[in-house]
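Here is what each chain is made of, one letter per residue.
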There are 2 protein chains.
Amino acid sequence: MPTQNKPSLPVIKRLPKYYRYLGEMEKEGVTKVSSSELARVMGTTASQVRQDFNCFGGFGQQGIGYNVKLLHEELGKLIFARHPVPTILIGAGNLGHAMANYFRQDTQGFELLAAFDVKPEMIGLTLCGVAIRDMAELESYCAEHKPKVAVICVPREAAKQVAQKLIDLGIRAFWNFSHYDFSIEYPDIIVENVHLGDSLATLSYEVNNNL
Amino acid sequence: MPTQNKPSLPVIKRLPKYYRYLGEMEKEGVTKVSSSELARVMGTTASQVRQDFNCFGGFGQQGIGYNVKLLHEELGKLIFARHPVPTILIGAGNLGHAMANYFRQDTQGFELLAAFDVKPEMIGLTLCGVAIRDMAELESYCAEHKPKVAVICVPREAAKQVAQKLIDLGIRAFWNFSHYDFSIEYPDIIVENVHLGDSLATLSYEVNNNL
């Protein structure tokens, strides 16, 4: 499929949502969908939907609508890796535990290989089926297993310290639950941020002021 | 503190980030900060920072800069409830477990009272120190304990079903990890969404196409 324009970050961030809605439509037996129908569920405009898909080569013919099954498949191919991407988790504390738990069921093309921590009492334990290793082993582990993605579940200060090390060891993509902002020092690194604390604080503000 | 304009959602979403950065500055011993310094760490403009704070009454004097400690305190008062907000968790599966785990340490003004599930084998178990109750008990439980917030960790279909029930039982705010879109049917309800699956899918796209 020829790519017309390099998609911008907002377009990329909408892809998983398109993918979800198309999956639901397929389950419900819908075979065709127009850009205006997709726009309605996405909370956007039909023109935006067509522009988004044009970034990836179009997927449809004017006036005919999109084939739900095909579009769902094509987006799936764009989003998900064919082979599981080897992934490691840094920080086996409360949040790390939560995320290892999440990876056990919703792998979505990622394979969690190992977890790392600095606390001696945690080393050797198992976190949701994955061994917790000493951070001191990180270099030899990466040389052998070549993980491509790291899930960062350590506090901001620790994240800042391990970022350089992980990048030196060949990791180029991060699912970042810390509040360390990778983009300032490493603009070329792939980072997807999830700020649970900010999300809960936003809810707190709303509850505090508008409930 | 007089409120000048009702803050918009983007302003509210920036508050936790301001709060975090000010907390870090305070720890580092910084006492004064200008709107342009704040703008730099926030990735915005000085004019935006001043506009944001004007929504809450200003917090500073032109040309003098903001008092870091005071501003941090004031934002904290705006964001966090004085008394823990009674909260329940719906769905004690993998993700529910992860989030109960999160609440144990990072309560931020919320108190997790109970978890609910429909699976008979889970009822009566404990999830990170909180009892798992039968969904059938939800009505009597809410009548007695009056929770104000629900954390939704069930699949989209189940979330759609429980939403009406929870709203009927007096719950007006949701931390929503499901893909059910509350805002379509309940525009007046407070909802903060966290779509972990979409976030991981976005990372997957980037790894798949740009690594």
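Residues numbered from 1 in each chain as written. Chains lettered and ligands numbered in written order. Predicted model: local features only at pLDDT ≥ 70, side-chain atom pairs only at ≥ 80, totals over all residues. Heavy atoms only, no water.

- In the annotation of an unreviewed UniProt entry, the entry for chain A reads Redox-sensing transcriptional repressor Rex, and the organism field reads Anaerofilum hominis.
- Entered under Function (unreviewed entry) in the UniProt record, the comment concerning chain A runs "Modulates transcription in response to changes in cellular NADH/NAD(+) redox state."
- Database annotation for chain A, UniProt heading Subunit (unreviewed entry): "Homodimer." (UniProt positions renumbered as here; feature names shortened; annotations may be inferred.)

**Overview of the domain arrangement of chain A**
Here's step 1: Domain annotation of chain A identifies domain 1 (9–78) and domain 2 (85–200).
Here's step 2: One C-alpha centre belongs to domain 1 of chain A, the other to domain 2 of chain A; they are set 32 Å apart. (Domains from an automatic or database assignment.)

**Some words on the UniProt feature "binding site: NAD(+)" (unreviewed entry) in chain A**
Here's step 1: Summarizing the sequence annotation, UniProt attributes the feature "binding site: NAD(+)" (unreviewed entry) to G91, A92, G93, N94, L95 and G96 of chain A in the numbering used throughout.
Here's step 2: Within the element layout of this structure, N94 of chain A appears in helix α5 (residues 94–105).
Here's step 3: Discounting residues that sit within four places of it in the chain, N94 of chain A has contacts with N101, Y102, R104, Q105 and D106 of chain B.
Here's step 4: By secondary structure assignment, the location of G96 of chain A is in helix α5.
Here's step 5: Assessed through its relative accessible area of 0%, G96 of chain A is described here as buried.
Here's step 6: In contact with G96 of chain A, not counting residues within four places along its chain, are L89, G91, L127 and C153 of chain A. (Helix = DSSP H or I, 4+ residues; strand = E, 2+ residues; numbered from the N terminus. Contact = heavy atoms within 4.5 Å. Buried < 20%, exposed > 50% of the residue type's maximum accessible area, 1.4 Å probe, protein only.)

**Some points on unusual backbone geometry**
Here's step 1: With phi around 50°, K146 of chain A is a residue other than glycine that occupies positive phi space.
Here's step 2: Counting through the fold element by element, K146 of chain A comes out in the loop between α6 (138–145) and β7 (149–152).
Here's step 3: According to the relative accessible area criterion, K146 of chain A is exposed, its value standing at 57%.
Here's step 4: Phi is positive for C128 of chain B, close to 50°, though the residue is something other than glycine.
Here's step 5: Along the polypeptide, C128 of chain B turns up in the loop between β5 (126–127) and β6 (130–134).

**Describing the packing of aromatic side chains**
Residue and element names in this part refer to chain B.
Here's step 1: In this structure the tally under the stated criterion is 22 aromatic pairs over all chains.
Here's step 2: Seen in terms of ring centroids, Y102 and W175 are 6.1 Å apart; in terms of plane orientation they differ by 45°. Their pairing is tilted. Here Y102 is found in helix α5 (residues 94–105), whereas its partner W175 is found in strand β8 (residues 173–176), with 73 residues between them in sequence.
Here's step 3: Here Y102 falls in the buried class, since its relative accessible area comes to 6%. (Phe/Tyr/Trp six-rings, centres within 6.5 Å; stacked < 30°, edge-to-face > 60°.)

**Quick notes on helix α3 (residues 46–54) of chain A**
Residue and element names in this part refer to chain A.
Here's step 1: Looking only at α3, the buried set comprises A46, V49, D52 and F53. For α3, the arc enclosing every buried residue in end-on projection is 120°, short of the 170-degree limit, so these residues lie on one face.
Here's step 2: Each element contacted by the buried residues of α3 is listed here: α1 (9–27), α2 (35–42), β2 (66–67) and α4 (68–79). (Arc of directions from axis to C-beta.)

**Digging into the sheet that holds strand β4 (residues 110–117) of chain B**
All names here are of chain B.
Here's step 1: The 7 strands lie next to each other as β5-β6-β4-β3-β7-β8-β9, forming an open sheet whose pairing is mixed. Among the strands making up the open sheet, the edge pair consists of β5 and β9 (190–193).
Here's step 2: Helix-sheet contacts for α5 involve β3 (85–90), β4, β5, β7 (149–152) and β8, and the interaxial angle to β3 is about 160°. (Pairing = 2+ DSSP bridges. Axes fitted to C-alpha atoms, helices over the stretch in contact; angles between N-to-C directions.)

**Regarding the relation of the copies chain A and chain B**
Here's step 1: Under the fitted operation, chain A is carried onto chain B by 0.0 Å of movement along the axis and a turn of 180°, and the coordinates agree to an RMSD of 0.0 Å. What the rotation and shift describe, once combined, is the action of a two-fold rotation axis. Within chain A, the C-alpha atom positioned nearest to the axis of rotation is that of A98 of chain A, 2.0 Å from it.
Here's step 2: The residues that chain A uses at the interface reappear at the interface of chain B in 100% of cases, marking a shared surface. (Least-squares fit on C-alpha atoms with pLDDT ≥ 70 in both.)

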